[in-house]
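Here are the chains, one letter per residue:
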Amino acid sequence: MNEGDTEGIENEVIEENINDSSEDAETLHWIAVIRCFMCYKYYSNQLFDYKKSRMESLSVDYKKLLPKSVLNPFSHHAILGMECNHYFCEAIVRCQYLSLLGPPVSTSVSLEGISDRDITGIPVSMLERCKAVLHSAYREWSKEAEEERNQCHTPILQQLAKWLPITSKNKYKLRVSVPGSGLARLAAEICSRGYRVQANEYSVFMLMASNYILNNCHRQQEIYPWVGSTVNVKRVEDANQSVLVPDINPGELIYPHDAGDLNPVFSVAAGDFVQLYGPASPCGSWHKGKWSAVVTCFFIDTAPNVIDYVKTIHHMLEDGGIWVNLGPLQYHWASEVAPTSASESSDSRYERSIELSFEDILEVLQNAGFELLEQSWHQCSYALDRNCMRQTIYNCGLFTVRKIKHDP
Ligand SMILES: C[S@@+](CC[C@H](N)C(=O)[O-])C[C@H]1O[C@@H](n2cnc3c(N)ncnc32)[C@H](O)[C@@H]1O
């Protein structure tokens with residue numbers, strides 16, 4: 001990962017390809033993710049050492065020109081930052097063991113048996129994903145990112161309130177699905193407005209971290225989302241800024257006192273969106289027509305083929321059900337180059353990628369049985385480090401559509 005991509009979204013969304021969906025392969029994947037969280041500090045230290053050694057290898061002449069601090073990047077703050085991030089990562093893992101969620105990692109492996117320094121066999125791309133979790137924790141659960149959340153969450157919540165208003169009669173009865181929920185802040189916000197919400201996420205990193213934040217983060221924790229960054233940095237201290245997460249007690253958002261016997265009103269479904277909710281899923285018939293609304297935020301471009309999402313959402317929604325979407329079209333599986341005979345074999349999702357324009361998607365929606373209710377544009381950032389010299393703003397497309405036809 002390019003460190004300058006701190007506000008980029010590509011690294012957050014591409015989960016390792018688990019082609020083998022056997023229980024063993026799944027358990028191994030969960031264990032690999034746990035090892036990544038456990039080794040966060042060791043891996044970050046290694047990266048620091050590597051960068052430091054490059055500075056030290058400069059000639060005396062060159063070194064004389066440099067400020068002293070550059071030769072000793074292990075400032076007190078940077079060390080503290082990595083330590084705090086390490087506590088956060090470790091807390092995520094401990095919470096996972098306590099909650100017995102997911103594959104049976106809690107019974108088959110002991111936490112003590114996992115070294116916090118053994119990164120053998122773990123791909124760097126996977127080790128880097130702990131940073132993506134820290135960036136998402138900043139985006140979704142810090143006070144500092146409130147403005148960024150308002151940019152995308154406010155228009156979505158306004159559309160929901162307009163087209164699917166909560167009344168005293170329907171409170172906590174309307175089902176809303178939030179696929180690609182990340183650390184579940186938007187899902188929690190929707191729940192707090194009186195909807196019955198199911199978040200959906202397939203990244204084991206995100207699932208473990210959201211489990212921790214939603215269920216066990218009893219006090220605020222300090223994290224340093226940008227510690228170790230060396231690209232597009234204005235001042236070294238900028239990379240050592242910390243934030244507290246969560247900015248609000250998640251329990252107060254998602255476990256409303258007035259839900260009565262309608263509790264639980266919030267759940268998280270782990271797995272691939274299309275495989276869980278789509279017509280071909282083993283649970284497909286259960287989901288058919290069961291949902292009043294689907295909300296997608298920075299999600300539809302994670303599909304190799306966005307039409308799969310369109311068909312899945314059409315299948316899930318009841319007649320008259322609403323889909324609110326907001327996000328860019330970054331198309332995470334798009335290749336910028338044509339494959340050649342010398343190309344290395346890669347994730348097959350790249351080979352299936354189709355990239356439609358926003359206008360084309362609107363046409364697909366109408367052909368698939370939706371009517372367009374509203375469309376607008378919104379300037380949004382994504383896990384933006386305000387001090388960074390690179391500032392990416394997405395011109396996000398919002399659409400609200402309503403399902404008009406019965407499934408064929
Ligand atoms: C760009 S992030 C957006 C997260 C969140 N909605 C937000 O706005 O902050 C996209 C999320 O979708 C998840 N995701 C990608 N493909 C998915 C799939 N097929 N099924 C479920 N989740 C998926 C990724 O793991 C990631 O957390």
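Presented here is a report on the structure given in the accompanying data block.

What counts, and at which threshold
- Residues numbered from 1 in each chain as written.
- Predicted model: local features only at pLDDT ≥ 70, side-chain atom pairs only at ≥ 80, totals over all residues.
- Buried ≥ 20, exposed ≤ 12 C-beta atoms within 10 Å, placed from the backbone.
- Helix = DSSP H or I, 4+ residues; strand = E, 2+ residues; numbered from the N terminus.
- Pairing = 2+ DSSP bridges.
- Right-handed = clockwise from strand over helix to strand, strands pointing away.
- Near = placed C-beta within 6 Å.
- Nonpolar A, V, L, I, M, F, W, Y, C, P; charged D, E, K, R; others polar.
- Contact = placed C-beta atoms within 7 Å.
- Core = buried A, V, L, I, M, F, W, Y, C linked by C-beta atoms within 7 Å.
- Axes fitted to C-alpha atoms, helices over the stretch in contact; angles between N-to-C directions.

This brings us to the pairing of strand β7 (residues 317-327). Of all 11 residues in β7, eight are buried, a share of seventy percent or more. Two elements, strand β6 (residues 291-297) and β7, share six bridges in a ladder whose sense is parallel. Considered in β7, the bridge of W291 is made with L317. Following the chain from β6 across helix α16 (residues 306-316) to the adjacent parallel β7, one finds a crossover that is right-handed. Pairing analysis gives six bridges linking β7 to strand β9 (residues 394-403), with the strands arranged antiparallel. If you follow L326 over to β9, its bridge partner there is L398.

As a further point, take the site of the ligand. Near the ligand you find 22 residues, and of these G180, G182, S203, F273 and T302 are the closest. Going through the elements one at a time, α1 (10-13), α9 (129-141) and β2 (196-201) are the ones with two or more residues in the shell around the ligand. Here the shell around the ligand is composed, by residue class, of 10 nonpolar, six polar and six charged.

Attention now goes to the environment of H287. Looking at the secondary structure, you find H287 in helix α15 (residues 284-287). As a C-alpha pair, H287 and M316 span 29 residues in sequence and 5.4 Å in three-dimensional space. Aside from chain neighbours lying at most four places away, what touches H287 is Y277, H315 and M316.

Ranked by size, the top nonpolar core spans 99 residues in total, and within it F37, I190, C191, V197, A209, A293 and V295 carry the most contacts. Sort the elements by how many residues they give to this core and helix α12 (residues 204-216) lands first, with nine residues. For A209, the contacting residues outside a window of four places in its chain are I92, V133, A137 and L183.

A few words now on the sheet that holds strand β5 (residues 266-270). Backbone hydrogen bonds hold the strands of a sheet together, and the pairing may be parallel or antiparallel. Sheet architecture is open: seven strands sit in the order β5-β2-β1-β6-β7-β9-β8, paired in mixed fashion. Edge strands, defined here as strands with exactly one partner in the open sheet, are β5 and β8 (370-380). Pairwise comparison of adjacent strand axes, ignoring direction, gives a mean angle of 15° for this sheet. Here 10 bridges tie β8 to β9, and the two strands are oriented antiparallel to one another. For E371, the partnering residue across the bridge sits in β9 and is R402. Across the sheet, helix α18 (residues 358-367) lies against β8 and β9, angled at about 155° from β8, the strand it touches most.

By themselves these figures say nothing about function.
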